Amino acid sequence: MNLKTFLLDLLFPPKCTFCENLLERSGRLTCPDCQRTLPWLEGEAAETRVEFAARCVSPLRYQDSVRKSVQRFKFSGRRWYAKTYGTLLSQCVQDHLAGEYDLITWVPVSAKRRRERGYDQSQLLAKELGERLALEPVELLQKPRDNPAQSGLKDAAQRRANVLGAYTAPWPGRLAGKRVLLVDDVVTTGETLSECARTLRMAGAENVVCVTLARAKQ
Ligand SMILES: [Zn+2]
């Protein structure tokens with residue numbers, strides 16, 4: 001450990017991304033307890049079906065401390081969590097999607113939401129993932145209108161109607177004939193990812209595969 005890391009650790013003791021307990025060693029972002037007990041999705045369990053996408057994988061279930069952690073990341077400014085998440089995403093991609101994509105992109109938030117939050121959480125995830133996979137993410141999608149949050153809608157038809165046409169792919173030249181890896185934080189019913197995958201395919205993408213940090217029960 002160098003002096004700078006030592007001093008930073010004194011001022012801002014590193015905490016586990018999931019349970020927020022203090023970490024004994026710098027450089028580790030998940031405590032040994034969470035490493036052991038988090039609801040990991042392994043093997044085939046990591047996969048779920050998303051329409052218009054060839055595959056969709058996630059390393060964790062969206063429950064308990066994972067859910068609380070993602071909520072702090074999205075709503076309480078813990079943008080540095082993207083580093084831990086990026087590591088988990090890259091392991092998941094290497095395990096399940098190696099060689100199945102040419103480009104990395106993300107599910108964007110609207111400009112209004114981005115202003116309110118100060119950042120686009122999925123773009124941060126894509127950036128961290130891209131650093132680990134040595135592939136710079138490319139902006140392919142935009143969300144011109146600010147539709148109500150999917151989490152407020154229980155009915156599948158409502159969720160679908162809410163996202164239909166919500167995304168555009170204004171740079172078709174960037175994705176023509178390419179296989180796209182699409183990144184988001186959480187997949188629930190998959191309507192958002194499916195609409196993004198549909199938009200990318202319509203704009204000329206050859207194929208779409210998805211990775212999310214966590215998957216809600218399904
Ligand atoms: Zn922990």
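Whatever comes next refers back to the structure up there.
Residues numbered from 1 in each chain as written. Predicted model: local features only at pLDDT ≥ 70, side-chain atom pairs only at ≥ 80, totals over all residues. Heavy atoms only, no water.

1. Comments concerning the nonpolar core
Nonpolar side chains in soluble globular proteins generally cluster together in the buried interior. Membership of the largest hydrophobic core comes to 35 residues, with the highest contact counts inside it found for Phe18, Leu181, Val183 and Val211. Mapped onto this core, the elements with two or more residues apiece are α3 (64-75), α4 (81-96), β4 (103-106), α6 (121-133), β5 (179-187) and β6 (207-215). Top element by residues in this core is α4. It accounts for seven residues. What Phe18 contacts, discounting residues up to four positions off in sequence, is Thr30, Cys34, Leu38, Leu60, Ser65, Val66, Ser69, Arg72, Thr84, Tyr85 and Leu88. Within the second largest apolar cluster, 22 residues are counted, among which are Leu140, Leu141, Ala166 and Cys210. (Core = buried A, V, L, I, M, F, W, Y, C linked by side-chain atoms within 4.5 Å. Buried < 20%, exposed > 50% of the residue type's maximum accessible area, 1.4 Å probe, protein only. Helix = DSSP H or I, 4+ residues; strand = E, 2+ residues; numbered from the N terminus. Contact = heavy atoms within 4.5 Å.)

2. A closer look at the coordination of the zinc ion
Protein coordination of the zinc ion is provided by Cys16 (SG), Cys19 (SG), Cys31 (SG) and Cys34 (SG), with donor distances spanning 2.3 Å. For the zinc ion, the four donor atoms in the first shell make angles of 105 to 115 degrees at the metal, a pattern classed as tetrahedral. (Donors = N, O, S within 2.8 Å, 3.2 Å for Na, K, Ca; no water. Tetrahedral: all angles 85-135°; square planar, octahedral: opposite > 155°, others 65-115°.)

3. Concerning the packing of aromatic side chains
This structure, assessed with the given rule, holds five aromatic pairs. Measuring from ring centre to ring centre gives 6.2 Å for Phe18 and Tyr85, while their planes differ by 50 degrees; the resulting arrangement is tilted. One end of the pair, Phe18, is in the loop between α1 (3-11) and α2 (32-37); the other, Tyr85, is in helix α4, with 67 residues separating them in the sequence. As far as burial versus exposure is concerned, Phe18 and Tyr85 are alike and both buried. Ring geometry for Phe73 and Tyr119: centres 6.3 Å apart, planes at 45 degrees, overall tilted. Of this pair, Phe73 sits in helix α3 while Tyr119 sits in the loop between α5 (111-117) and α6, and the two are 46 residues apart along the sequence. The class for Tyr119 is buried, based on a relative accessible area of 4%. Members of the aromatic cluster, joined through ring pairs, are Phe18, Phe73, Trp80, Tyr81, Tyr85 and Tyr119. (Phe/Tyr/Trp six-rings, centres within 6.5 Å; stacked < 30°, edge-to-face > 60°.)

4. Overview of helix α7 (residues 156-163)
Residues of α7 that are buried include every one of Arg159, Asn162 and Val163, and no others. Across the axial projection of α7, the buried residues extend over an arc of 85 degrees, all falling on one side. Exposed residues pointing more than 90 degrees away from the buried face of α7 are listed as Ala157 and Ala161. For α7, the elements touching its buried residues are α9 (191-202). Positioned one or two residues after α7, Gly165 has a phi angle of 75 degrees, which is positive. (Arc of directions from axis to C-beta.)

5. Notes on a nonpolar patch on the surface
Where nonpolar side chains cluster on the molecular surface, the patch consists of Leu3, Phe6, Leu7 and Leu10 and spans about 430 Å² of accessible area. Residue placement: Leu3 occurs in helix α1. Look at Leu3 and you get exposed, because its relative accessible area is 61%. (Patch = residues over 30% accessible without salt bridge, like charges linked within 9 Å, V, L, I, M, F, W, Y side chains within 5 Å. Areas by Shrake-Rupley, 256 points an atom, 1.4 Å probe, with all protein chains shown as cover. Salt bridge = Lys/Arg side-chain N within 4 Å of Asp/Glu carboxyl O.)

6. Digging into unusual backbone geometry
In the Ramachandran plot, Asp64 falls in the positive-phi region, its phi being about 50 degrees despite a non-glycine side chain. You will see that Ala134, though not glycine, has its phi angle at about 55 degrees, which is positive.

7. Concerning the packing of α4 against α6
Closest axis-to-axis distance for the α4/α6 pair is 8 Å, and the angle between their directions is 55 degrees. In terms of orientation, α4 lies oblique with respect to α6. Viewed along their axes, α4 and α6 form a crossing whose handedness is right-handed. Between α4 and α6, the contacting residues are Ala82, Lys83, Tyr85, Gly86, Thr87, Leu89, Ser90, Val93 and Gln94 on the first element and Leu124, Leu125, Glu128, Leu129, Arg132 and Leu133 on the second. Its residues placed into classes, the contact of α4 with α6 shows eight nonpolar, four polar and three charged. (Axes fitted to C-alpha atoms, helices over the stretch in contact; angles between N-to-C directions. Parallel < 35°, antiparallel > 145°, perpendicular 65-115°, else oblique. Left-handed = near helix turned anticlockwise from the far one by under 90°. Nonpolar A, V, L, I, M, F, W, Y, C, P; charged D, E, K, R; others polar.)

8. A word on the layout of surface pockets
The volume enclosed by the largest pocket comes to roughly 780 Å³. For the largest pocket, the lining is made up of 34 residues, of which Lys74, Ala149, Gln150, Ser151 and Asp185 are closest to its centre. Sorting the residues of the lining of the largest pocket by element identifies α3, α5, α6, α7, β5 and α9 as the ones contributing at least two each. For the lining of the largest pocket, a count of residues per class yields 15 nonpolar, 10 polar and nine charged. (1 Å grid on protein atoms, 1.4 Å probe; cavity = no way out; pocket = protein on both sides within 12 Å on 5 of 7 lines; lining within 4 Å. Points joined across faces, edges and corners; volume = space filled by probe spheres on them.)

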